[in-house]
Amino acid sequence: MPAITGQQYIKRIDALQTYISIDGEVVTGKVSEHPAFKGVMQSQAKLFDLQHDEALHDSLTYVSPKSNERVGMSFLQVTKVEDLVTRRQAAREWALSNHGLMGRSPDYMNTTLMALASAAEFLKDKPNCFPDHLLNFYEYARENDLTMTHTFIEPQVNRQRYHYEDEEVIIAAKIVGKTSQGLVIKGARLLATQGGITDELLVLSTNGFDKEKGFGFSIPSDTKGLKFLCRQSFVGGESTFDHPLSARFEEMDAIVVFDDVVVPWERVFY
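Let me begin by describing the structure that accompanies this report. Treat the numbers as computed from the prediction; the structure is a model and nothing was measured.

A few words now on the overall build of the chain. On a plain count of helices and strands, the chain comes out with 7 helices and 11 strands. For the chain, the spread of C-alpha atoms along the three principal axes comes to 55 × 50 × 35 Å. Put simply, the chain has 270 residues, and 46% of those count as buried. Within the chain, counting contacts between residues at least 6 apart in sequence, those at least 24 apart form 69% of the total.

In this section: the layout of surface pockets. One number sums up the size of the largest pocket: a volume of about 290 Å³. Around the largest pocket sit 14 residues that line it, and Asn-128, Ile-175, Lys-178, Lys-211 and Gly-214 are the ones nearest its centre. The element contributing the most residues to the lining of the largest pocket is strand S6 (residues 174-178), with 4 residues. Considered class by class, the residues forming the lining of the largest pocket number 8 nonpolar, 3 polar and 3 charged.

Across its 12 residues, helix H5 (residues 107-118) extends 16 Å between first and last C-alpha, which sits within 8% of the 16 Å expected from 1.5 Å per residue. For H5, the complete set of buried residues consists of Asp-107, Met-109, Asn-110, Leu-113, Met-114 and Ala-117. Angular distribution of buried residues about the axis of H5 spans 165°; they occupy a single face of the element. On its buried side, H5 packs onto helix H4 (81-97), helix H6 (131-144), strand S5 (148-151) and strand S8 (200-204).

Structurally, Asn-98 is set in the loop between H4 and H5. Relative accessible area serves as the criterion here: at 4%, Asn-98 is assigned to the buried category. A distance of 3.5 Å separates a polar side-chain atom of Asn-98 from the backbone nitrogen of Met-102. In this view, Asn-98 contacts Leu-47 and Phe-249; residues no more than four positions away in its chain are not counted.

This part is about the nonpolar core. Ranked by size, the top nonpolar core spans 63 residues in total, and within it Tyr-9, Phe-37, Met-41, Ile-185 and Phe-258 carry the most contacts. Sequence-distant contacts of Ile-185, that is, excluding residues within four places in its chain, are made with Ala-173, Lys-174, Ile-175, Phe-215, Phe-217, Phe-258, Asp-259, Asp-260, Val-261 and Val-263.

Turning our attention to the sheet that holds strand S7 (residues 182-189). Reading across from one edge, S2-S1-S10-S11-S7-S6 is the order of the 6 strands in this open sheet, with mixed pairing throughout. Each having just a single partner strand, strand S2 (25-26) and S6 make up the two edges of the open sheet. In this sheet, strand S10 (residues 226-230) lies alongside strand S1 (residues 20-22) in parallel orientation, the contact comprising 2 bridges. Bridge pairing in S10 links Ile-20 to Phe-228.

What follows is about the environment of Asp-49. Note on placement: Asp-49 falls in helix H2 (residues 38-50). The spacing of Asp-49 and Gln-8 is 41 residues in sequence and 9.7 Å in space, taken between C-alpha atoms. Ignoring sequence-local partners within four residues, the contact set of Asp-49 consists of Thr-5, Gly-6 and Gln-7.

What follows concerns the pattern of salt bridges. Applying the stated criterion across every chain yields a total of 13 salt bridges. Asp-83 is paired through a salt bridge with Lys-80; the nearest N and O atoms lie 3.2 Å apart. By relative accessible area, Asp-83 is classed as buried at 8%. Here Lys-80 falls in the partly exposed class, since its relative accessible area comes to 43%. The shortest N-O distance in the salt bridge between Lys-213 and Glu-154 comes to 3.9 Å. Separated by 59 residues along the polypeptide, Lys-213 in the loop between S8 and strand S9 (216-220) and Glu-154 in the loop between S5 and S6 bring together distant segments of the chain. Classification of Lys-213 by relative accessible area gives buried; the value is 9%. Beyond isolated ion pairs, a larger network of salt bridges with shared partners links Lys-186, Asp-259 and Asp-260.

Conventions and cut-offs
- Residues numbered from 1 in each chain as written.
- Predicted model: local features only at pLDDT ≥ 70, side-chain atom pairs only at ≥ 80, totals over all residues.
- Heavy atoms only, no water.
- Helix = DSSP H or I, 4+ residues; strand = E, 2+ residues; numbered from the N terminus.
- Buried < 20%, exposed > 50% of the residue type's maximum accessible area, 1.4 Å probe, protein only.
- Contact = heavy atoms within 4.5 Å.
- 1 Å grid on protein atoms, 1.4 Å probe; cavity = no way out; pocket = protein on both sides within 12 Å on 5 of 7 lines; lining within 4 Å.
- Points joined across faces, edges and corners; volume = space filled by probe spheres on them.
- Nonpolar A, V, L, I, M, F, W, Y, C, P; charged D, E, K, R; others polar.
- Expected span 1.5 Å × (residues − 1).
- Arc of directions from axis to C-beta.
- Polar contact = N/O pair within 3.5 Å; in protein donor to acceptor, adjacent residues only side chain to side chain.
- Core = buried A, V, L, I, M, F, W, Y, C linked by side-chain atoms within 4.5 Å.
- Pairing = 2+ DSSP bridges.
- Salt bridge = Lys/Arg side-chain N within 4 Å of Asp/Glu carboxyl O.

As structure tokens, this is what we get:
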């Protein structure tokens with residue numbers, strides 16, 4: 001599948017039926033119709049539609065080296081100065097369309113994944129590192145125009161001192177097992193902006209204190225045992241006249257809970 005349209009994005013996220021909890025209730029039905037997510041999903045859909053605007057087609061997409069289909073410019077790997085200019089122009093077009101108010105538009109995590117894939121050689125022959133898995137996922141995300149959220153910090157338990165967990169009470173996400181299917185992750189991580197309204201969750205942990213907390217992988221948002229617990233919504237109402245910002249650009253944040261989530265080995269990067 002080449003660069004997708006807005007309707008394809010909405011239809012794909014609705015079909016996932018991801019576990020999303022907000023205000024103490026689990027979202028049922030189409031997430032794109034929920035008041036807390038409807039506006040931002042429509043705004044995000046417009047970004048994908050811009051990829052098919054004839055005037056912007058060459059600015060926002062490029063020809064995939066694998067499929068020869070047009071794919072999102074934010075996946076373009078940089079090999080020369082001109083590539084940086086091209087990527088900047090594409091990012092600018094998307095930012096202008098939402099007045100710079102969507103800090104986690106798809107190009108944000110696409111760029112992160114692209115950069116990781118470009119540096120995959122550094123993982124080669126390193127213990128517990130799987131650069132081929134990373135490159136395969138990068139190509140899969142590029143060819144299917146996936147959207148991703150991410151987590152980057154552990155939950156804060158006590159701000160006055162460092163918290164050391166015991167084995168019985170797991171708070172921050174960690175590896176609790178390894179099976180023939182993959183890694184088993186249990187615990188929580190923050191702060192998934194757009195959590196629940198993306199195809200994938202990209203997890204990149206760099207915790208150097210504990211080997212059980214140093215990992216990198218990506219899994220579909222509807223993976224069994226994966227839950228997005230959202231904060232209170234800032235959407236004031238659906239009217240873009242009365243609520244011009246929150247009705248369109250409230251991206252939502254969520255705590256991500258891993259309830260013995262199995263991450264398939266082919267999705268483990270390190």
